[in-house]
Amino acid sequence: MSDIIVCQGLTKQYGIRKVVDNLDLKVPENIVFGFLGPNGAGKSTTMKLLTGQIKPTAGHAQVAGADVTRNSLQARQHIGYLSEMPNFYSWMKGQELLEFAGELFGLNPPTRRARAKELLQLVGLADAGGRKVGAYSGGMRQRLGIAQALVNRPKVVFLDEPVSALDPLGRRDVLTLLDNIRHEATVFMSSHVLADVDRVCGQVSILDRGRVIAAGPTVELKERFALPAINLEVEGDPAALERLSAALRAESWLKRVTPGEPGRLHLELTSAAQAQEAGQRVPRLVSELGLSMRSFQSAVPNLEDVFLQVVNRDERGNAEPTRPEVRV
């Protein structure tokens, strides 16, 4: 599998602040790639660098074989882009808007009409192409935005927060669409909705303060970084439940106790070696407080667990961020 995106020493500095700091990254083709990080990590700036919207302070990047930092016009022929808050002409019909985008890419009238119809079908808007965009729902506008990002048959599609403003049904439709698109183009998406990234992204990179601090296949990151955890469900007197939470928080082998629905607790262990200690100590505490234990199960780690773990480690200074080239 060849690499469709290659960054080497990519840096963007404003004054004395490095928003993107010596970024090295490789992304293989035909995957859905998740680009994650807390607010202010440098995600949007990196995407603007990779799409040729701004120039780097140092370093360079290639997208689909074209050096986007030196010849952004050539690179843009292979790039599709959807910003976090896209604005469309509300008076245009969906078909018209896509044809207009095709005209900007130099497509002749018959080609852009055919391409617009093809894309409306792909994104599930075939019946809405004759309606004005101003009457579209949020999910419909987002799908239309993805369609316009595909007008030029790009090799890479950059999507900045494509699902964050959608309801669950809209998110489901867009995620299904992204999974289908990857067979034609690499999808490079940033998102704060980690459950959605976990669902569709085969590989991710986590950025913090302009630097990559973790990267790789989603499954491997969960195995490497997510702490072992237990989902506990008990029933009994509410006051006893509060005492149980307090008692568990005092245990040295527990990193974090997170309450859920009444009677449910999520317990994060400090290490896998503490699983036996938890198996002995938790039932004893539950019994001593006069509670009944309904379930005691190992929790499957998710991408949110990984994100919280690696970002917190970096902020505490307990782990060095990944500085050399990262291949994902």
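What you see is a predicted model; the values in this text were computed from it and never measured.

Basis of the calculations
Residues numbered from 1 in each chain as written. Predicted model: local features only at pLDDT ≥ 70, side-chain atom pairs only at ≥ 80, totals over all residues. Heavy atoms only, no water. Helix = DSSP H or I, 4+ residues; strand = E, 2+ residues; numbered from the N terminus. Buried < 20%, exposed > 50% of the residue type's maximum accessible area, 1.4 Å probe, protein only. Contact = heavy atoms within 4.5 Å. Lys, Arg positive; Asp, Glu negative; His and termini not counted. Charge placed at Lys NZ, Arg CZ, Asp CG, Glu CD. Pairing = 2+ DSSP bridges. Axes fitted to C-alpha atoms, helices over the stretch in contact; angles between N-to-C directions. Patch = residues over 30% accessible without salt bridge, like charges linked within 9 Å, V, L, I, M, F, W, Y side chains within 5 Å. Areas by Shrake-Rupley, 256 points an atom, 1.4 Å probe, with all protein chains shown as cover. Salt bridge = Lys/Arg side-chain N within 4 Å of Asp/Glu carboxyl O. pLDDT = per-residue confidence, 0-100. Parallel < 35°, antiparallel > 145°, perpendicular 65-115°, else oblique. Left-handed = near helix turned anticlockwise from the far one by under 90°. Nonpolar A, V, L, I, M, F, W, Y, C, P; charged D, E, K, R; others polar.

Visitor: Where do I start with the overall build of the protein chain in this structure?
Guide: Within the protein chain one finds eleven helices and 15 strands. Each of the three principal axes of the protein chain carries a C-alpha extent, and together these read 75 × 45 × 35 Å. Out of the 328 residues in the protein chain, the part that is buried amounts to 49%. Excluding contacts between residues fewer than 6 apart, the proportion of contacts in the protein chain whose partners are at least 24 apart in sequence is 69%. A gap of 6 Å separates the mean positions of the 40 positive and 37 negative side-chain charges of the protein chain.

Visitor: I tried to follow the sheet that holds strand 10 (residues 211–217) on my own but got confused; where do I start?
Guide: Strand-to-strand pairing in sheets goes through backbone hydrogen bonds, with the strands running parallel or antiparallel. A sheet is described by the order of its strands in space; here six strands give the open sequence 6-7-8-3-9-10, paired in mixed fashion. At either margin of the open sheet sits one strand with a lone partner, and together these are strand 6 (79–82) and strand 10. Ignoring which end each strand starts from, the neighbouring axes of this sheet average 15° apart. Sheet analysis places strand 9 (residues 203–208) next to strand 10, joined by six bridges and oriented antiparallel. Among the inter-strand pairings, Asp-208 is bridged to a residue of strand 10, identified as Arg-211. Sheet contacts for helix 1 (residues 43–50): strand 3 (32–36), strand 6, strand 7 (156–160), strand 8 (186–190) and strand 9; angle to strand 7, the most-contacted strand, approximately 150°. Set on the sheet, helix 6 (residues 168–181) makes contact with strand 3, strand 7 and strand 8; between it and strand 8 the angle comes to about 145°.

Visitor: Teacher, can you tell me more about the side chain of Thr-186 here?
Guide: Within the secondary structure, Thr-186 is located in strand 8. A relative accessible area of 1% places Thr-186 in the buried class. Once residues lying within four places of it in the same chain are set aside, the contact partners of Thr-186 are Ile-4, Val-27, Pro-28, Glu-29, Asn-30, Ile-31, Lys-155, Val-156 and Val-157.

Visitor: Quick question: what am I supposed to make of the sheet that holds strand 12 (residues 254–259) here?
Guide: Strand order in the open sheet made by the four strands is 12-13-11-14, with antiparallel pairing throughout. Every other strand in the sheet has two partners, leaving strand 12 and strand 14 (292–298) as the edge strands with one partner each. Strand-to-strand twist across the sheet, computed as the mean angle between neighbouring axes with direction ignored, equals 20°. Alignment of strand 12 against strand 13 (residues 264–269), held across five bridges, turns out to be antiparallel. The residue of strand 13 that forms the bridge with Leu-254 is Leu-269. Strands in contact with helix 10 (residues 275–288) are strand 11 (229–235), strand 13 and strand 14; relative to strand 14, the strand with the most contacts, it is inclined by about 165°.

Visitor: Would you mind going over a nonpolar patch on the surface with me for this structure?
Guide: A contiguous nonpolar patch, built from Tyr-89, Trp-91, Phe-100, Leu-104 and Phe-105 and spanning about 560 Å² of accessible area, is present on the exposed surface. Relative to the assigned elements, Trp-91 resides in the loop between strand 6 and helix 3 (94–104). The class for Trp-91 is exposed, based on a relative accessible area of 55%.

Visitor: Explain the pairing of strand 3 to me, please; I cannot follow it from the model alone.
Guide: Two faces, one strand: in a regular strand the side chains alternate between the faces of the sheet. In terms of residue burial, strand 3 counts as a mostly covered element, since five of its five residues are buried. Residues of strand 3 alternate between two faces, with Val-32, Gly-34 and Leu-36 on one and Phe-33 and Phe-35 on the opposite face, all of them buried. Of the strand pairs in this sheet, strand 3 and strand 9 are connected by four bridges, and their pairing is parallel. Bridging across to strand 9, Leu-36 finds its partner in Ile-206.

Visitor: Looking at this structure, I do not really get the confidence of the model for the protein chain. What am I missing?
Guide: Interpreting fine coordinate detail is not advised for predicted regions of low pLDDT. Here the protein chain shows a mean pLDDT of 87. Residues at 70 or above account for 95%. The low-confidence segment residues 318–328, where pLDDT is below 50, has 35 contacts with residues more than four positions distant or belonging to other chains.

Visitor: It is not clear to me how the packing of helix 3 against helix 5 (residues 138–149) should be interpreted in this structure. Could you clarify?
Guide: Interhelical geometry of helix 3 versus helix 5 gives an angle of 25° and a closest axis separation of 9 Å. Comparing the axis directions of helix 3 and helix 5 gives the class roughly parallel. Here helix 3 and helix 5 pass one another in a crossing that is right-handed. Facing helix 3, whose interface residues are Gly-94, Leu-97, Leu-98 and Ala-101, helix 5 presents Leu-144, Ala-147 and Gln-148. Its residues placed into classes, the contact of helix 3 with helix 5 shows five nonpolar, two polar and no charged.

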